[in-house]
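# Overview (structure and organization)
Letter by letter, the chains look like this.
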Amino acid sequence: MLTTAKYLSTHVNLTRLKIANNIFKSIHSRSLHNSPLEGVRVLDLTRIVAGPYCTMILSDLGAEVIKIERPGSGDEARKWGPPFFKNSTETPYFVAVNRNKKSVCVDIKSSRGREILYELAKKSDVLVENYVPGKLDEFKLGYDDLKAIAPQLIYCSITGFGPSGPYRNRPGYDVIAASVGGFLHITGPRGGEPCKAGVAITDLSTGLYAHGAILAALLKRMKTGKGQKIDCNLLSTQVASLINIGSNYLNTGREATRWGTAHASIVPYEAFPTKDGYFTIGAGSDPQFKDLCERLNRPDLPENDKFKTNQLRVKHRDELIEVLNGIISTKTKQELSEIFEGGSFPCGPVNTIKETFDDPHVKEIKLVETMEHPVAGDIRVVGPPVQYSEGGNYIRASPPTLGQHTENVLETLLGYDKDQLAELKKQNVIQ
């Protein structure tokens, strides 16, 4: 029997859930007319970061994203805490990449659950999944299975290592792909140990590649009327992201090393210590270097035979950096910002996360938005970073609670009645 406190808490959460569903419907219908992906439906069978990030971008652009989750547990990122939102088990990790989606809990291992997926696939344009290659084929949910019943479907697989090659069956996480793909070898302090990036940059890059590939496939389908299979993987993304470092090796045999925040081919281009943190400066041309030195009251440096050109500055890197360190380390980040204001060279303080969100520019462009979550209350999210002159990117609804939209989607999209839903619940096919 529920205590009074638990009853009130449950009642409040249920009320919030109903309100959130109504808000989702009203905002979704109100803002879609400006969205480029209006009318596109996406079945999202992804978890963690790369896949959900891809489908969140599609949802921001107006696609209806139906997130298929495992009954009882859902996306693993729902458990990735602490931290958690106050008075709830919701994680900021999950919230970061799952807004604007509908959560539908279906047991895809059961034959009845598969039938539901088949019905949804027939009414969808895109399916995105990030299972180990071959796993969905075991459930008869692979590309060939769905192509036979939904030939219009664009089926995007996001994996660790792709569908072929000796590593194809390995599970893939961001840091593993970054390790195998050379990123950790070039990241970290000079002479120090390898470091991963502060965020899952390989996951995010793969999600971006996948979202672009899906848009291209949708455009092609307009011409051919046919869907297709898309394969994206973390390792290929990471190797492609080596850009000039990879090109250096392929064309000159030059092996890369770790440079910390410095640049192998441009000097000065790194974070310098200050009285209260670090400040990053990038002088990529001779005029920019001259401007930097004049603002630091060292106009003699560009005239020095060791520093006249970037090639010379790279050669005499340590000597020049020592001189600049001696000047910059005596000032605060704010003092340097004022000294360099209006300068021709790019620069900026190394901000803490608090300083980042307190930055006047970040505030002015209103990148952070607040939304109502049915369980966690008010939450704040970083909105879409891309703007469209004719509209397009919108935050429509908070990330869903587990199974929040199961009944609604099956009723409205597939026409299931209450008796059918009750039977599916009894069989543990849906939650």
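Residues numbered from 1 in each chain as written. Predicted model: local features only at pLDDT ≥ 70, side-chain atom pairs only at ≥ 80, totals over all residues. Heavy atoms only, no water.

### Concerning the overall build of the protein
- A tally of regular secondary structure across the protein gives 18 helices and 11 strands.
- In terms of its C-alpha atoms, the protein occupies a principal-axis envelope of roughly 85 × 55 × 45 Å.
- The proportion of buried residues among the 431 residues of the protein is 42%.
- Sequence separation of 24 or more characterises 71% of the internal contacts of the protein that already satisfy a separation of 6 or more.
- Where the 53 positive side-chain charges of the protein centre and where its 49 negative ones centre are 4 Å apart. (Helix = DSSP H or I, 4+ residues; strand = E, 2+ residues; numbered from the N terminus. Buried < 20%, exposed > 50% of the residue type's maximum accessible area, 1.4 Å probe, protein only. Contact = heavy atoms within 4.5 Å. Lys, Arg positive; Asp, Glu negative; His and termini not counted. Charge placed at Lys NZ, Arg CZ, Asp CG, Glu CD.)

### Brief notes about the sheet that holds strand β8 (residues 277-282)
- The antiparallel open sheet is built from 3 strands, whose spatial order is β7-β8-β9. What marks the edges here is a single partner per strand, and that holds for β7 (269-274) and β9 (347-349). The sheet shows a mean angle of 20° between the axes of neighbouring strands, direction not considered.
- In terms of strand pairing, β7 meets β8 through 6 bridges, oriented antiparallel. By the bridge assignment for β8, Tyr-269 is matched with Gly-282.
- Seen against the sheet, helix α13 (residues 317-328) touches β7 and β8 and runs at an angle of roughly 40° to β7. (Pairing = 2+ DSSP bridges. Axes fitted to C-alpha atoms, helices over the stretch in contact; angles between N-to-C directions.)

### What to know about helix α14 (residues 333-340)
- Regarding α14, the residues found buried are Lys-333, Leu-336 and Phe-340. Along the axis of α14, the buried positions cluster into a sector of 60°, meaning they face one direction only.
- For α14, the secondary structure elements touched by its buried residues are β7, β8, α11 (286-295), α13, β9 and α15 (353-358).
- Of the residues flanking the end of α14, it is Gly-342, one or two places downstream, whose phi is positive at about 85°. (Arc of directions from axis to C-beta.)

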